[in-house]
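Remarks on the overall topology
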Amino acid sequence: MTKILLIEDSQDIRENIAEILTLANYTVLEAENGKVGVELAKAELPDLIICDIMMPQLDGYGVLHMLGKNPATSGIPFIFLTAKSEKEDFRKGMNLGADDYLIKPFDDLELLDAIEMRLKKNQILKVDFQKNAEGLNNFIQEARGLEDLNKLLTDERKISQVRKKQPLFAEGNYPNALFFLNKGKVKTYKTNAEGREYITSLYKAGDFIGYVDLLEDQPYRESAVALEDSEICLIPKEDFFSLLYNNRDVANKFIKILSDNLADKEERLLKLAYNSVRKRVAESLLLVEKQYQQDKGKNFQVTISREDLANIVGASKETVIRTLADFKDEKLIDINGGKIVILNSDKLARLRN
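Here goes a summary of the coordinates provided. In this text, all values refer to a predicted model and were calculated from it rather than measured experimentally.

Topic: the overall build of the chain
Looking only at helices and strands, one finds 14 helices and 16 strands in the chain. Within the chain, residue pairs in contact and separated by at least 24 positions form 68% of the contacts whose partners lie at least 6 positions apart. Split by element, the accessible area of the chain, about 18,700 Å² in all, is 49% carbon and sulfur.

Here it is, written out as structure tokens:
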């Protein structure tokens, strides 16, 4: 059952609204002030929050500000209740991220319609769209439905064919689009003064590429190249920022999609600094397996080149080849026609440093 948190300091108003919501088959959590409301929101993670503005201890703006800083509660739909109707109050609430406003007094139908609309829109954004061009267009269509972005977004995403070893962008160039990988494999890498590569990320179908530098409005800090023949959708910079800035819900959804690999990248950099070469080779094999394995029931064949594997590990190609030979002797992997077959992922993961 849908759970609604009601934050209202007036007991009579709170009880009246709670009764309406209960009759409409919502589960209602009640808080008599903003401070209690924030704690309840963090503990219960309701589906929607209705909050009065003028309250002692912590007003509605403070509640929204505090919940907006918490990743677990920042995406919860938020409706303000207020007796004020000045434009300044509307602007302040919406700038903080409120989804809707109800002016007291309001009737039962107005309240229930606002709740239903916000829940419906939020449910749209919880859908896991297919990670392909069709899924991308479906997401954008839903985004249009939220805030009439028809004039800002094109109807179809043009798919470009990219050949193996063909670059998508180069370090130092300025970004003007977001890349969506519809099919294939792509790597991003950095190059040092001696021209040696270090692979920073591996991408598969359904991944977005180049978004960090686009968000920060600065030249690319890494280069991207196709590891095999691939299909790329380009999302123009203007469309990308329209999705982010024109609607808070769309921004939450899009940023969650884009941030899938950030934690993994940070963990990899930490391990690169402290782990042995042997451990890093094992982890690099598992990284490739995690990114590209499609059939979970079979031993995975690593098709990445020795040079690219060495660039993931951060070691010389010769060192990686010797380590792979050791792994083969230990029956952790097999090498067949140049392809690496992972025989025991669990043991590779448990290798001591």
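Details of helix H13 (residues 317–329)
Here H13 spans 19 Å end to end across 13 residues, near enough to the 18 Å set by a 1.5 Å rise per residue. Those residues of H13 lying buried are Val320, Thr323, Leu324 and Phe327. One side of H13 holds all its buried residues, which, seen down the axis, span an arc of 105 degrees. Turned more than 90 degrees from where H13 packs its buried face, Arg322 and Asp329 sit exposed. On its buried face, H13 is in contact with helix H11 (277–292), helix H12 (306–313), strand S15 (333–336), strand S16 (339–342) and helix H14 (345–349).

Some thoughts on the nonpolar core
Counting residues in each nonpolar core, the largest one holds 29 residues, and the members touching the most others are Leu202, Leu285, Phe327 and Leu348. Within the residue set of this core, elements represented by two or more residues are strand S10 (197–203), H11, H12, H13 and S16. Element by element, the count of residues in this core is highest for H11, at 7 residues. Ignoring anything within four residues of it in the chain, the contact list for Leu202 reads Val186, Lys187, Asp207, Leu227, Leu287, Val288, Gln291, Tyr292, Ile304 and Ile312.

Some points on the side chain of Asp52
Position of Asp52 among the secondary structure elements: in strand S3 (residues 48–52). Take Asp52: its relative accessible area is 5%, and that puts it in the buried class. At 3.2 Å, the side chain of Asp52 forms a polar contact with the side chain of Lys104. Other than its neighbours up to four places away in sequence, Asp52 contacts Ile7, Glu8, Asp9, Gly60, Leu81, Thr82 and Lys104.

Looking at the packing of aromatic side chains
On inspection of all chains with the given rule, the structure shows 6 aromatic pairs. By way of ring pairs, the aromatic residues Tyr61, Phe78, Phe80 and Tyr101 are connected into one cluster. Above the ring of Tyr189, the side-chain terminus of Lys187 is found at 5.3 Å from the ring centroid.

Considering H11
End to end, H11 covers 22 Å across 16 residues, agreeing with the expected 22 Å (1.5 Å per residue, within 8%). The element H11 is extensively covered by neighbouring structure, given that 13 of its 16 residues are classed as buried.

With respect to the pairing of strand S8 (residues 177–183)
With 6 of 7 residues buried, S8 is to be regarded as a mostly interior element. For S8 and strand S13 (residues 230–236), the ladder comprises 6 bridges, and the chain directions are antiparallel. Bridge pairing in S13 places Ala177 opposite Pro236. Relative to strand S11 (residues 208–209), S8 is paired through 2 bridges, and the arrangement is antiparallel. Across the sheet, Phe180 pairs through a bridge with Phe208, a residue of S11.

A short note on the sheet that holds strand S4 (residues 78–82)
Reading across from one edge, S2-S1-S3-S4-S5 is the order of the 5 strands in this open sheet, with parallel pairing throughout. Among the strands making up the open sheet, the edge pair consists of strand S2 (27–31) and strand S5 (100–103). In this sheet, adjacent strand axes meet at a mean angle of 20 degrees when their direction is disregarded. Inspection of the sheet shows strand S1 (residues 3–7) paired to S2 by 5 bridges, in the parallel sense. Bridge pairing in S2 places Lys3 opposite Thr27.

Brief notes about the pattern of salt bridges
Counted by the stated rule, this structure contains 15 salt bridges. Here Asp308 ties to Lys187 by a salt bridge, and the two come within 2.6 Å at their closest N and O atoms. In this pair, Asp308 is assigned in helix H12 and Lys187 in strand S9 (residues 186–191), connecting sequence segments 121 residues apart. Among the salt bridges present, the one from Asp217 reaches Lys237, with a minimum N-O distance of 3.4 Å. With Asp217 in the loop between helix H7 (211–216) and strand S12 (223–226) and Lys237 in helix H8 (residues 237–245), the pair connects residues that are 20 residues apart, well separated along the chain.

Cut-offs used in this document
Residues numbered from 1 in each chain as written. Predicted model: local features only at pLDDT ≥ 70, side-chain atom pairs only at ≥ 80, totals over all residues. Heavy atoms only, no water. Helix = DSSP H or I, 4+ residues; strand = E, 2+ residues; numbered from the N terminus. Contact = heavy atoms within 4.5 Å. Areas by Shrake-Rupley, 256 points an atom, 1.4 Å probe, with all protein chains shown as cover. Expected span 1.5 Å × (residues − 1). Buried < 20%, exposed > 50% of the residue type's maximum accessible area, 1.4 Å probe, protein only. Arc of directions from axis to C-beta. Core = buried A, V, L, I, M, F, W, Y, C linked by side-chain atoms within 4.5 Å. Polar contact = N/O pair within 3.5 Å; in protein donor to acceptor, adjacent residues only side chain to side chain. Phe/Tyr/Trp six-rings, centres within 6.5 Å; stacked < 30°, edge-to-face > 60°. Lys NZ or Arg CZ within 6 Å of the ring centre and 35° of its normal. Pairing = 2+ DSSP bridges. Axes fitted to C-alpha atoms, helices over the stretch in contact; angles between N-to-C directions. Salt bridge = Lys/Arg side-chain N within 4 Å of Asp/Glu carboxyl O.

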